[in-house]
Amino acid sequence: MSPSFSLSAKDAETVLDTFDREGLLEALLLVRGCLDVDLFDIGNAVEPLLRNTGRLASLPEVEVEAQVVATGVFRRELVDPMDYGAERYTDTREGTRIIVSFFVGGMGAFHAEVLARCMGAEAWDFNTHALLPERMRVQDLAHLWMDDGLLTRFRARSASRNLFGCASSHTA
């Protein structure tokens, strides 16, 4: 897919410099801070730059179904941001162990890696998939995805002391 914008040679150099010094998320946040475009547009411009300069050599070029789920104890005051709406939880007892989605979506490996890094993990290092809320960069993820609803869902699930986990599966 072609990007909705292109990087000048100077901007590309700045992105590469930032990537080398501070990492992937910081490079993407730099572009996001300058442009009103979401992660998919940013990725469509930045991923080829990083791949063509050998900076993403270890990242496979595959499509994945990525998901982040939370497990925890059901509390009535947290039903609004739940997956199915408050009416579906009417008969759910307080203290029942539940699983809820935080994020689900199909994407390329590059975007899955960005999602994982925002969650404090690495997409292809399954040892990092037991997520710790204190390592998550949810505000950065919401900023890149241009979705403030992510912050609402995360705060509600964190307030319930739910445990987070991450799963990704190869789809093609």
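Computed from a predicted structure; not experimentally measured. Each chain carries its own residue numbering, running from 1 in the written order of its sequence. In keeping with the model being predicted, local features are shown solely for residues with a pLDDT of at least 70 and side-chain atom pairs are shown and tallied solely at 80 or more, while totals for entire chains, interfaces and linings include all residues. As a rule here, side-chain values come from all non-hydrogen atoms in the structure, and water together with hydrogens is ignored.

> Where do I start with helix H1 (residues 9-22) in this structure?
Every helix listed is a DSSP run of H or I at least four residues long, and every strand listed is a run of E at least two residues long, numbered separately from the N terminus. Under the convention used throughout, the expected extent of a helix is 1.5 Å for every residue step, that is, one less than its residue count. The end-to-end C-alpha distance of H1, which contains 14 residues, comes to 20 Å, matching closely the 20 Å that a straight helix rising 1.5 Å per residue would cover. Positive phi appears at Gly 23, one or two residues downstream of H1, with a value of about 110 degrees.

> Explain helix H2 (residues 24-34) to me, please; I cannot follow it from the model alone.
One turn of the α-helix equals 3.6 residues, which is why residues spaced by three or four share an orientation. Accessible area is worked out with a 1.4 Å probe on protein chains only. A residue is then buried under 20% of its type maximum, exposed over 50%, and partly exposed in between. Along H2, the residues that are buried comprise Leu 24, Leu 25, Ala 27, Leu 28, Leu 29, Val 31 and Arg 32. Residues of H2 that are buried in the fold lie against H1, helix H3 (39-52), helix H4 (109-118) and helix H5 (138-145). Whether two residues touch is decided by their heavy atoms; if any such pair falls within 4.5 Å, the residues are in contact.

> Would you mind going over the pattern of salt bridges with me for this structure?
Proximity of charged atoms lets side chains of opposite charge pair with each other. Only one rule defines a salt bridge in this text: a Lys or Arg side-chain nitrogen within 4 Å of an Asp or Glu carboxyl oxygen. Going through the model one piece at a time under the given rule, you end up with eight salt bridges. Between Asp 20 and Arg 55 there is a salt bridge whose closest N-O contact spans 2.8 Å. With Asp 20 in helix H1 and Arg 55 in the loop between H3 and strand S1 (63-73), this pair connects stretches of sequence that are 35 residues apart. Classification of Arg 55 as partly exposed rests on a relative accessible area of 28%. With a closest N to O distance of 3.0 Å, Glu 22 and Arg 21 form a salt bridge. Judged by its relative accessible area of 45%, Glu 22 falls in the partly exposed class.

> Just to check I follow, could you spell out the packing of aromatic side chains for this structure?
The relation between two aromatic rings is expressed through the spacing of the ring centres and the mutual angle of the planes. We call Phe, Tyr and Trp rings a pair once their centres come within 6.5 Å, taking the six-membered ring for Trp, and we label the pair stacked below 30 degrees between planes, edge-to-face above 60, and tilted otherwise. Under the definition given, this model contains three aromatic pairs. Note on Phe 40 and Trp 145: the rings are 5.7 Å apart at their centroids and 85 degrees apart in plane angle, and the pair reads as edge-to-face. Of the two residues, Phe 40 is situated in helix H3 and Trp 145 in helix H5; the sequence distance between them amounts to 105 residues. Judged by centre distance (5.8 Å) and plane angle (15 degrees), the rings of Phe 74 and Tyr 89 are stacked. Of this pair, Phe 74 sits in the loop between S1 and strand S2 (97-108) while Tyr 89 sits in the loop between S1 and S2, placing them 15 residues apart in sequence. Note on Phe 74: relative accessible area 0%, which makes it buried. On the basis of relative accessibility, which here comes to 8%, the residue Tyr 89 falls in the buried class.

> What is the right way to look at the nonpolar core in this model?
What makes a nonpolar core is a set of buried Ala, Val, Leu, Ile, Met, Phe, Trp, Tyr and Cys residues whose side-chain atoms join them at distances within 4.5 Å. If you look at the biggest cluster of nonpolar residues, it comprises 47 residues, and the most contacted ones within it are Leu 28, Val 114, Leu 115, Met 119 and Leu 144. For this core, the elements supplying multiple residues, two or more each, are H1, H2, H3, S1, S2, H4, H5 and helix H6 (149-159). Among the elements that make up this core, the one with the highest residue count is H4 (seven residues). If we skip the residues at most four places from it in the chain, Val 114 touches Leu 24, Leu 25, Leu 28, Leu 39 and Leu 144. Of all hydrophobic cores here, the second largest spans eight residues; its members include Phe 74, Leu 78, Val 79 and Ile 98.

> Sorry, what's going on with the packing of H1 against H3 here?
Between two packed helices, both the angle of their axes relative to each other and the distance between the axes serve to describe the pair. Axis definition: a line fit to C-alpha positions, over the contact stretch in the case of helices; interaxial angles, taken between N-to-C directions, run 0 to 180 degrees. The contact between H1 and H3 brings their axes to 11 Å, and the two run at 70 degrees. Classified by the interaxial angle, the pair formed by H1 and H3 is roughly perpendicular. In this structure, H1 crosses over H3, and the sense of that crossing is right-handed. Counting all contacts with H1, which are made through Ala 12, Val 15, Leu 16 and Phe 19, the residues of H3 involved are Val 46, Leu 49 and Leu 50. Side-chain classes are defined by residue name, with Ala, Val, Leu, Ile, Met, Phe, Trp, Tyr, Cys and Pro counting as nonpolar, Asp, Glu, Lys and Arg as charged, and the others, Gly among them, as polar. Class assignment for the residues of the contact of H1 with H3 results in seven nonpolar, no polar and no charged. When an angle is under 35 degrees it counts as roughly parallel; over 145 it counts as roughly antiparallel; between 65 and 115 it counts as roughly perpendicular; any other value is oblique. Two helices cross in a left-handed way if the nearer one is turned anticlockwise from the farther one by less than a right angle. They cross in a right-handed way if the turn is clockwise.

> Which parts of the structure should I look at to understand the layout of surface pockets?
In this analysis the probe radius is 1.4 Å and the grid spacing 1 Å, with only protein atoms considered; a cavity is a set of points the probe fits into but cannot get out of, a pocket is an open set with protein on both sides within 12 Å along at least five of seven lines, and lining residues have an atom within 4 Å of a point. Grid points are joined across faces, edges and corners, and a volume is the space filled by probe spheres set on the points. A volume near 240 Å³ is recorded for the largest pocket. At the level of elements, H3, S2 and H4 are the ones that each hand at least two residues to the lining of the largest pocket. When residues in the lining of the largest pocket are grouped by element, the largest group, six residues, is from H3. When the residues that make up the lining of the largest pocket are grouped by side-chain class, the tally is eight nonpolar, four polar and four charged. If you go around the second largest pocket, the residues you meet are Phe 19, Leu 24, Arg 55, Leu 56, Ser 58, Leu 59, Glu 113, Arg 117, Glu 122 and Trp 124.

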